[in-house]
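# Descriptive analysis of the structure
Below are the chains, spelled out letter by letter.
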Amino acid sequence: MDHIRDTFVAYQKDPAFDGRYCVLMDLADCSFPDESFDDYMQLAYRLRPHYAARDPNSRTSFFAPGDVAYGMSRMYKTIAEDGAGFAIDVFRTAEDALRFAKVDPQAPGAADLLRRV
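This write-up is about the structure you can find in this document. As the structure is a computational prediction, the values presented were derived from the model and not from experiment. (Residues numbered from 1 in each chain as written. Predicted model: local features only at pLDDT ≥ 70, side-chain atom pairs only at ≥ 80, totals over all residues. Heavy atoms only, no water.)

Here the focus is the sheet that holds strand β2 (residues 59-63). Taken in spatial order, the three strands make up an open sheet running β1-β2-β3, and their pairing is parallel. Edge positions in the sheet fall to β1 (23-26) and β3 (87-91), since each of these pairs with one other strand and no more. Between one strand and the next, the sheet's axes are offset by a mean angle of 15°, whatever the strand orientation. Relative to β2, β1 runs parallel, the two being bridged by four bridges. Note that in β2 the partner of Val-23 across the bridge is Thr-60. (Pairing = 2+ DSSP bridges. Helix = DSSP H or I, 4+ residues; strand = E, 2+ residues; numbered from the N terminus. Axes fitted to C-alpha atoms, helices over the stretch in contact; angles between N-to-C directions.)

Turning our attention to the packing of helix α2 (residues 36-46) against helix α4 (residues 67-84). Taken N-terminus to C-terminus, the directions of α2 and α4 make an angle of 30°; their axes are 8 Å apart at the nearest point. Here α2 runs over α4; the crossing is right-handed. The segment α2 lies against α4, with Ser-36, Phe-37, Tyr-40, Met-41, Leu-43, Ala-44 and Tyr-45 engaging Met-72, Ser-73, Met-75, Tyr-76, Ile-79 and Ala-80. When grouped by side-chain class, the residues that make up the contact of α2 with α4 number 11 nonpolar, two polar and no charged. (Left-handed = near helix turned anticlockwise from the far one by under 90°. Contact = heavy atoms within 4.5 Å. Nonpolar A, V, L, I, M, F, W, Y, C, P; charged D, E, K, R; others polar.)

Structure below.
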């Protein structure tokens, strides 16, 4: 979880940072050990300073086709969206996750952004 938070914070400090960008999280191959629940939920709180730098029109899209990843991401969304100020949603299909992140699933290279299930 520290690596995820550090990655977002580092990007926010980068001169190329654009608060209007959309985040696309691919959890298709992600596993969640029992002890990771609290860490994952804490991540939502620890990223609040980063959320403040994001534009209200940006979005965070989770691709979570598996039951555990989907459930964990829905809980994360519930905690994070309260202080985020931008749209967050969770999807079971790659196409829906891409569309929410403002990427046309038929665009060249779009299929490479997420693992197809």
